[in-house]
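Residue-level structure breakdown
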Amino acid sequence: MNILVCVSNVPDTTTKVKFSGTQLETEGVQWIVNPWDELAITRALELKESGAGVDKITIATVGLVGTETTIRKGLAMGADDAFRVDADPTDAFFTATQLAEVIKAGSYDLIMTGFESADYNGISVGGMLSEILGYPSVGAVSAVNIVDGKLQIDREIDGGKEVLSVQTPVVASVQKGIAIDPRIPAMRGIMMARRKPLTVMPAVEVEVYTEVVEIELPEAKSAVKMFDAEDIQGLVNALKNEANVI
Amino acid sequence: MSVLVYLENWDGKFKKVSFELLSYGKKIAEDMGVPMFALSLGKVDASELETLKTYGPEKIFVNDNGFDSLDNEMYASAISQAAEKEDATLVVFSQDNVGNALAGRVAVRLKAGLVSAVSAIPISYDPFIIKKKVYTNKVFGHVKVNTAKKILSLSKNTFEIIENAAAGVVEELALDHAEPKTKVESTDKVTGKLLLTDAELVVSAGRGMKGPENWGMIEELAETLGAATACSRPCSDEGWRPHTEHVGQTGKIIAPNLYIAIGISGAIQHIGGISNSKCIVAINKDPDAPIFEAADYGIVGDAFKVIPELNEALKNA
Ligand SMILES: Cc1cc2nc3c(=O)[nH]c(=O)nc-3n(C[C@H](O)[C@H](O)[C@H](O)COP(=O)(O)OP(=O)(O)OC[C@H]3O[C@@H](n4cnc5c(N)ncnc54)[C@H](O)[C@@H]3O)c2cc1C
């Protein structure tokens, strides 16, 4: 079984984002593997190491050359090879269309995407990708297992989960739970990652469906109102009569 | 032209979020001067369909032929067929597990631009521009949609429910479907428990609680309030609490009316998941904890002392 993980390159989650126009100011920004994608790679590695029948783990990213540091991190974690589509990912449909080209050029049984990307929070690449390819998809995936050579996917539902059997190839949009701690690359992995194949592909042309035309900063929050630890009643009164929430 | 609102059902029932979606769709439909239709797939009681009328659908399309459990490809195909038959220029989904799984697929089918997790009506219709939070709630982006057809997913608990009755004629809509490629083999769920994502009041606790054995007072407080319980990421990572309770950037993003954060420092990734709450209360022994910057009300104090007292005070409130 071959697994492809779609990886988005995002600013470190603690970044205080600044913009000039609609462009993120990238000076001083640390770039990371999108947190869910990192968990997806981790799970793929766990499956491969468990001997469940994973042959190869591939990473695919849509991004300019600067994203190769992030891709190398994924390879250092233990993925086998990588593809980069050489373009700035402008919206989810653009990104999904490019990823679909990578997938069509190869042979994968399981494709994993993070449930969202921590930059534009579009929550849609996985769904779009599966539809472009005509593959089945599962969202809100909280576990991926291989049982007797067959994929078994858990989907979170309100109050619990469903266990699904699926036809492959399949696209899974994964979230928290698929793995707990992301794999930290070891020195050996980092050394090996430099020699692993990273293929660059040109982007295909895509109609611009959506575009961000302006960035607006949220209003400053009003200051917190403090109550003394002895004045619990004061807090309760405020919740009741001022905030009207209880 | 029309606005089409896709309504999930939960074991044949609708929820508050269904009415919120209809209220939202209705407002947009009125602004656009077109009718709003609702679409429900799967088995739903007639009495449940009746409740929808109050929120303004001209027609309620139904089809329960084979739509017993969610297969994204099959459902997306059905919703797209309905949108085409009813000439929908805008399709509205709920931003939740099901809406997230379907919206992207339907967008590709209809060649429609999709904007996820919106919380207000468009800024303008021509050009179509709508605001959404980006960078996990750090800033807003104004997103312009260039396609003739458009798809939106609405964040929960962000739009006011408005009663605005319409005919609500229930009509069976013929929809084709192929054999699903995914199959639910088993289901494991608890019923009757208040879900975090539905809750209007949430009591949340962090590492300041020291260990899972101390959650009793958190649960009691939640019980008094009729609130759901939540936690910070380390608490679920450590297995103190179930993953379903983890809120924040990498967990659930929620927008309750009241969020009480107890022994939570307020890391930026945590705040990303709760900043849309209408009222945030922080209880922390460290006066410099960043949670107080996000909070509306705060108490500096020892949770082990404050929580039982707060519980008593609320019981008498
Ligand atoms: C990529 C990434 C994603 C992340 N995503 C999330 C996320 O989604 N959600 C999330 O929550 N975190 C997330 N984190 C982790 C986050 O950075 C913080 O580490 C985490 O939120 C801290 O949890 P905490 O506040 O419970 O614990 P701590 O930071 O340890 O804070 C405990 C707090 O309890 C207080 N306290 C201690 N004892 C008492 C007492 N007796 N009474 C009152 N107060 C007391 C302390 O003053 C302190 O403020 C993420 C981190 C990364 C790197």
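Residues numbered from 1 in each chain as written. Chains lettered and ligands numbered in written order. Predicted model: local features only at pLDDT ≥ 70, side-chain atom pairs only at ≥ 80, totals over all residues. Heavy atoms only, no water.

Now for unusual backbone geometry. For the bond from A:Thr168 to A:Pro169, the omega torsion is -5°, close enough to zero to count as cis. By the element assignment, A:Pro169 lies in the loop between strand E11 (160-166) and strand E12 (170-174). Of note, the amide linkage connecting B:Asp126 to B:Pro127 takes the cis form, showing an omega dihedral of 0°. Along the chain, B:Pro127 falls in the loop between strand E6 (124-125) and strand E7 (128-134). A positive phi angle, close to 50°, is found at B:Tyr135, a residue other than glycine. (Helix = DSSP H or I, 4+ residues; strand = E, 2+ residues; numbered from the N terminus.)

In a beta sheet, neighbouring strands are held together by backbone hydrogen bonds and run either parallel or antiparallel to one another. Spatially, 10 strands are ordered E13(A)-E7(A)-E6(A)-E1(A)-E8(A)-E12(A)-E9(A)-E10(A)-E11(A)-E11(B) in an open sheet, and the strand pairing comes out mixed. Taken across any chain shown, the strands that pair with only one partner, and hence form the sheet edges, are strand E13 (198-202) of chain A together with strand E11 (182-189) of chain B. For this sheet, the mean inter-axis angle between neighbouring strands, taken without regard to orientation, is 30°. When strand E1 (residues 2-6) of chain A meets strand E6 (residues 56-62) of chain A, the two strands line up parallel, connected through 5 bridges. Bridged to A:Leu4 within E6(A) is A:Thr58. (Pairing = 2+ DSSP bridges. Axes fitted to C-alpha atoms, helices over the stretch in contact; angles between N-to-C directions.)

Right, let's get into the packing of aromatic side chains. Per the counting criterion, the structure on display carries 12 aromatic pairs over all chains. Their ring planes at 80° and their centres at 6.1 Å tell us that B:Tyr125 and B:Phe128 sit as a pair that is edge-to-face. Look at B:Tyr125 and you get partly exposed, because its relative accessible area is 26%. For B:Phe128, a relative accessible area of 4% corresponds to the buried category. Three or more aromatic residues joined by ring pairs make a cluster, and in this case those are A:Phe19, A:Tyr120 and B:Tyr135. One residue, B:Lys131, lies across the ring of B:Phe140, its end atom 4.4 Å from the ring centre. (Phe/Tyr/Trp six-rings, centres within 6.5 Å; stacked < 30°, edge-to-face > 60°. Buried < 20%, exposed > 50% of the residue type's maximum accessible area, 1.4 Å probe, protein only. Lys NZ or Arg CZ within 6 Å of the ring centre and 35° of its normal.)

Our next topic: the pattern of salt bridges. Under the definition given, this model contains 36 salt bridges over all chains. Residue B:Glu245 is joined to B:Arg241 by a salt bridge in which the shortest nitrogen-to-oxygen separation is 2.9 Å. Each of the two residues, B:Glu245 as well as B:Arg241, counts as buried. Through salt bridges that share partners, A:Glu131, B:Glu73, B:Arg105, B:Arg109 and B:Lys181 make up one connected network. (Salt bridge = Lys/Arg side-chain N within 4 Å of Asp/Glu carboxyl O.)

A few words on the domain arrangement of chain B. Residue and element names in this part refer to chain B. What the domain assignment lists for chain B is domain 1 (2-172) and domain 2 (196-316). The straight-line distance from the C-alpha centre of domain 1 to that of domain 2 is 32 Å. Contact between domain 1 and domain 2 buries roughly 850 Å² in total, counting both sides, with carbon and sulfur atoms accounting for 34%. It is Thr136, Asn137 and Asn157 that lose the most area in domain 1 upon contact with domain 2, and together they represent 55% of the buried surface on that side. The residue Asp198 makes a salt bridge to Lys156 at a minimum N-O spacing of 3.1 Å. On inspection of domain 1 and its partner domain 2, the count reaches 8 residue pairs in polar contact (both at pLDDT 80 or more). Split by residue class, the side of domain 1 that touches domain 2 holds no nonpolar, 3 polar and 5 charged. (Domains from an automatic or database assignment. Buried area = accessible area lost by both parts, 1.4 Å probe. Polar contact = N/O pair within 3.5 Å; in protein donor to acceptor, adjacent residues only side chain to side chain. Nonpolar A, V, L, I, M, F, W, Y, C, P; charged D, E, K, R; others polar.)

Residue-level contacts link 81 residues of chain A with 86 residues of chain B. When chain A packs against chain B, close to 7000 Å² is buried across both sides, 57% of that on carbon and sulfur atoms. Sorting the residues of chain A by area buried against chain B places A:Glu131, A:Lys176 and A:Tyr209 first, and these three jointly supply 10% of that buried surface. Where chain A touches chain B, the interface holds 46 residue pairs in polar contact (both at pLDDT 80 or more). At the level of elements, helix H1 (35-49), helix H4 (125-133), strand E9 (137-147), strand E10 (150-157), E11, strand E14 (210-216), strand E15 (225-227) and helix H6 (232-242) of chain A are the ones that each hand at least two residues to the side of chain A that touches chain B. For the side of chain A that touches chain B, the residue count by class is 43 nonpolar, 19 polar and 19 charged. Pairing analysis gives 3 bridges linking E15(A) to strand E16 (residues 297-300) of chain B, with the strands arranged parallel. If you follow A:Phe227 over to E16(B), its bridge partner there is B:Ile299. (Contact = heavy atoms within 4.5 Å.)

This part takes up the site of the ligand. Within the structure, the ligand sits among 27 residues, and B:Ser232, B:Ser265, B:Gln269, B:His270 and B:Asn284 are positioned closest to it. Residues within reach of the ligand are spread across chains A and B. Within the backbone of B:Gly263, an N or O atom sits 3.0 Å from an oxygen atom of the ligand. Within the backbone of B:Ala303, an N or O atom sits 2.8 Å from a nitrogen atom of the ligand. Burial of the ligand by the protein chains amounts to 79% of its free accessible area of 990 Å². Of all the secondary-structure elements, those providing two or more residues to the shell around the ligand are helix H6 (233-237), helix H7 (268-271) and helix H9 (303-315) of chain B. Residues that form the shell around the ligand fall into these classes: 6 nonpolar, 15 polar and 6 charged. (Near = heavy atom within 4 Å. Areas by Shrake-Rupley, 256 points an atom, 1.4 Å probe, with all protein chains shown as cover.)

Turning to the environment of B:Leu49, a few remarks are in order. Residue and element names in this part refer to chain B. In this structure, Leu49 sits in helix H2 (residues 46-52). Between the C-alpha atoms of Leu49 and Gly12, which are 37 residues apart in sequence, the distance is 9.8 Å. When neighbours within four sequence positions are excluded, Leu49 is seen to be in contact with Phe14, Val44, Ile60, Val62 and Val170.

Right, let's talk about H9(B) for a bit. Here H9(B) is 13 residues long and its end C-alpha atoms lie 18 Å apart, about the 18 Å a rise of 1.5 Å per residue gives. Considered for burial, the residues of H9(B) that qualify are B:Ala303, B:Val306, B:Ile307, B:Leu310, B:Asn311, B:Ala313 and B:Leu314. Mapping the buried residues of H9(B) onto a view down its axis gives an arc of 165°, with all of them on the same face. Buried residues in H9(B) make contact with H6 of chain A together with helix H5 (216-225), strand E14 (258-262), strand E15 (279-284) and E16 of chain B. At the N-terminal boundary of H9(B), the capping side chain belongs to B:Asp302, with an oxygen 3.0 Å from the backbone nitrogen of B:Phe304. (Expected span 1.5 Å × (residues − 1). Arc of directions from axis to C-beta.)

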